[in-house]
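# Fold and contact review
Residues per chain, in single letters:
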Amino acid sequence: MSLLAAEALTYVYPGGVPALDAIDLEIARGRRLAVLGPNGAGKTTLLLHLNGTLRPTTGRILLEGAAVDWSRAGLSAWRRRVGLVLQDADDQLFAPTVFEDVSFGPLNLGLGEAEAKARVEEALTALGIADLAGRATHMLSFGQKKRAAIAGAIAMRPEILLLDEPTAGLDARSARRLLATLEELEARGTTLVFTTHDVAMAHRFAHDAVLFADGRIVARGPASELLVDAEVMDRAGLDAVEG
Amino acid sequence: MTPIDRIAATNRWRDHSITEKALLGLGLLGLALTTPPWPTAVAVLAVATLAVTRGAGVPVRVWVKILAAPLGFVLTGAATLLIELGPHGIGFAADGLPRAAGLTLRATAAVSGLLTLTLTTPATDLVAGLRRWKVPAEIVEIALLTHRFLLLAGDTASAMHTAQTARLGHVDWRRRIRSTGLLAANLLPRTLDRARRLETGLAARGWNGASLAVLTPKRPVSPRRLAAIVATLAALAALGLADADGLLPMLGMLPA
């Protein structure tokens, strides 16, 4: 059984702009999934559905086979298990310092102060930013903000972590460091789902890939095979990785 | 981000208790306002300068520059004391010079007291301090978010201004007015859009519309520093009282 799944997911933005069209998707535990496609293909909209930020126009989301509950308590339980990191870290960081910001999620889980503090320290260490704990969030570099935002999500120890363009805007070395950190998270039991435009990175890093175009999935399969297939990639408006 | 924000976040006193810094800064401000400007205001200014430059490690050049910024307003106000409207029209006031000098001293000392607090304490710590002083959580959280959004809106406005300048949007006053209007008009929807995305980010971390609680670091009061601050303020107050009682008449060139 898949950990998280979308069934016939369709979403139309207010104003009638279609974003997702009958998406069927299964996310397997422990399999890194890359979601690729051109700008406006619906990748971010999909992630926002997978943690309950957006509610589908039709279709449903299943968490371990059970349809998700859209009540406040249901959403809360869902988001404990499915974390989300937005593309722009400034959309996520709101507290004065990194430590305070990362503590926000654990406190929302109802953890006590000592346990929340331990979670924050663990997350900051995992992301390699323990030395930035007391730094003001608006004084961080772009890469540091990304790491702080991810720390804020993993401090809640989600089973699935959804990342919207995690390496966008990072230099090559920072991107490599971030991916290595994500691998360590995965080793501790977090399933990774990420959107990206970086086909080469997805080819190296992901186990599986789905290709989006115009709100539809045009292909899916193992990343090592799918992303080198020029014909299939062309259908999604992407360039294949050189074999 | 303003230079004051940057200094407040990086100075040597950043991690000192807000109680100590508030006592010192607001104490100096109070003394500057309530005691005779000579010699207390000068002493207040000296203490603030030492605290900020030697204590918190703010470069003297930066301190002078920031302290001088409001001086234009102070001098404009003081200048009005130099003249008076008499039976023969406008003329110099008899006691105008000492009164203007006294006002300038008092105002500068008061500003230095306030700056002692604001240059050593990030605005967010000040707002978080309100929580401890039992200000309702809703007000504190709105203030925190407002501060965060001001910084983000400032960054956005700065980037938009740069982009406009690069496309000759500020070459003359006519275009400057038009570009500034466009910038202001576009800043609001962008800020609202960012607010919506921030809400998404918060919801993803389990926020359900209730409190924006975070773990605030504990910065215990140092008894040694607290004693030093109280002693300094007491000494300044004694100096002010001595002067008010006329015990320093030889220094009474500048009346209160």
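Residue numbers restart at each chain and count upward from 1, following the sequence in its written direction. All chains are assigned letters beginning at A, and all ligands numbers beginning at 1, according to the order in which they are written. Only residues with pLDDT of at least 70 get local features here, since the model is predicted, and only at 80 or more are side-chain atom pairs given and counted; chain-wide, interface and lining totals rely on the full set of residues. Here the side-chain values reflect all heavy atoms present in the structure, with hydrogen atoms and water set aside.

### Describing the overall build of chain A
Spelled out, the test is: A run of H or I in DSSP counts as a helix once it spans at least four residues, and a run of E counts as a strand once it spans at least two, with each numbered from the N terminus. When we talk radius of gyration, it's over C-alpha atoms, and the globule rule is simply 2.2 Å times the number of residues to the 0.38. Think of it in three bands: residues with accessible area under 20% of the maximum for their type are buried, residues over 50% are exposed, and the middle band is partly exposed, with areas taken using a 1.4 Å probe on protein chains only. Residue contacts are counted whenever heavy atoms from the two residues lie within 4.5 Å of one another.
Within chain A, the secondary structure is distributed over nine helices and 10 strands. For chain A, whose C-alpha radius of gyration is 18 Å, the value lies close to the compact-globule estimate of 18 Å for 243 residues. Overall size of chain A, expressed as C-alpha extent along the three principal axes, is 50 × 40 × 35 Å. Going through the 243 residues of chain A one by one, you find that 56% of them count as buried. Restricting to contacts in chain A with at least 6 residues of sequence separation, those with at least 24 account for 65%.

### Here's the deal with the overall build of chain B
For clarity, the cut-off: Note that accessible areas follow from Shrake-Rupley with a 1.4 Å probe, and for residues the cover is restricted to the protein chains shown. Positive charge is attributed to Lys and Arg, negative charge to Asp and Glu, and no charge count is given to His or to the chain ends. Every charge is mapped onto a representative atom, which is NZ of Lys, CZ of Arg, CG of Asp or CD of Glu.
Across its full length, chain B holds 10 helices and two strands. Helices and strands appear in chain B in the N-to-C order α-α-α-α-α-β-β-α-α-α-α-α. The C-alpha atoms of chain B give a radius of gyration of 23 Å, which is well past the 18 Å a tight globule of 256 residues would have. By its C-alpha atoms, chain B is 70 × 55 × 35 Å across when sized along the principal axes. Per-residue burial over chain B gives 38% buried out of 256 residues. The long-range share in chain B, meaning contacts at least 24 apart out of those at least 6 apart in sequence, stands at 73%. Accessible surface, chain B: about 14,100 Å² in total, of which carbon and sulfur atoms supply 69%. The positive charge centre, built from 27 side chains, and the negative charge centre, built from 14, are 9 Å apart in chain B.

### Overview of the domain arrangement of chain B
What counts here: By convention here, the domain bounds are inherited from an automatic or database domain assignment.
On domain assignment, one finds that chain B holds domain 1 (3–121 + 222–251) and domain 2 (128–204). Distance between the C-alpha centres of domain 1 of chain B and domain 2 of chain B: 32 Å.

### What about the sheet that holds strand β9 (residues 208–213) of chain A?
Residue and element names in this part refer to chain A. Under the convention used in this document: DSSP bridges decide pairing: two strands pair if at least two such bridges lie between them. In this analysis an axis means a line fitted to C-alpha atoms, helices contributing only their contacting stretch, and an angle means the value between N-to-C directions, from 0 to 180 degrees.
Taken together, six strands build an open sheet; the order of strands is β6-β7-β8-β3-β9-β10 and the sheet is mixed. The sheet is open, and its two edges are formed by β6 (82–85) and β10 (216–222), each paired on a single side. Across the sheet, the mean angle from the axis of one strand to that of its neighbour is 15 degrees, orientation sign disregarded. Summarising the sheet, strand β3 (residues 33–36) and strand β8 (residues 191–196) pair through four bridges and their orientation is parallel. If you follow L36 over to β8, its bridge partner there is T196.

### Things to note about unusual backbone geometry
Residue P39(B) is bonded to the preceding W38(B) through a cis peptide linkage, with omega at 5 degrees. Positioned with a positive phi, E165(A) is a non-glycine residue whose angle comes to about 50 degrees. Its location among the elements puts E165(A) in the loop between β7 (160–164) and α6 (172–187). Phi is positive for K134(B), close to 65 degrees, though the residue is something other than glycine. In this structure, K134(B) sits in the loop between α7 (123–132) and α8 (137–166).

### Focus: helix α2 (residues 72–81) of chain A
Residues and elements named next belong to chain A. Definition in use: For this quantity, the arc is that covered by the directions from the helix axis to the C-beta atoms.
Within the sequence span of α2, burial applies to G74, L75, W78 and R79. Taken around the axis of α2, the buried residues stretch over an arc of 125 degrees, which confines them to a single face. Facing away from the buried side of α2 by more than 90 degrees, the exposed set consists of R72 and A73.

### Digging into the interface of chain A and chain B
The following threshold applies: Defined here as a combined quantity, buried area equals the accessible surface (1.4 Å probe) lost by two parts on assembly, summed across both. Salt-bridge detection follows one rule: a side-chain nitrogen of Lys or Arg within 4 Å of a carboxyl oxygen of Asp or Glu. When residues are grouped by polarity, Ala, Val, Leu, Ile, Met, Phe, Trp, Tyr, Cys and Pro land in nonpolar, Asp, Glu, Lys and Arg in charged, and all others, Gly among them, in polar.
Taken together, the contacts link 36 residues of chain A with 32 residues of chain B. Taken together, the two surfaces of chain A and chain B that pack against each other cover about 2,900 Å², and 60% of this comes from carbon and sulfur. At the junction of chain A with chain B, the criterion picks out six salt bridges. Between D90(A) and R148(B) there is a salt bridge, with its nearest N and O atoms 2.8 Å apart. Residue assignment for the side of chain A that touches chain B shows that the elements contributing at least two residues are α2, α3 (98–108), α4 (113–126) and α5 (142–154) of chain A. When the residues that make up the side of chain A that touches chain B are grouped by side-chain class, the tally is 16 nonpolar, 11 polar and nine charged.

### Overview of the pairing of β3(A)
Residue and element names in this part refer to chain A. Of the two faces of β3, the one holding L33 and V35 and the one holding A34 and L36 are both buried throughout. Note: β3 against β9, four bridges, orientation parallel. Residue pairing across strands places A34 opposite A209, the latter belonging to β9.

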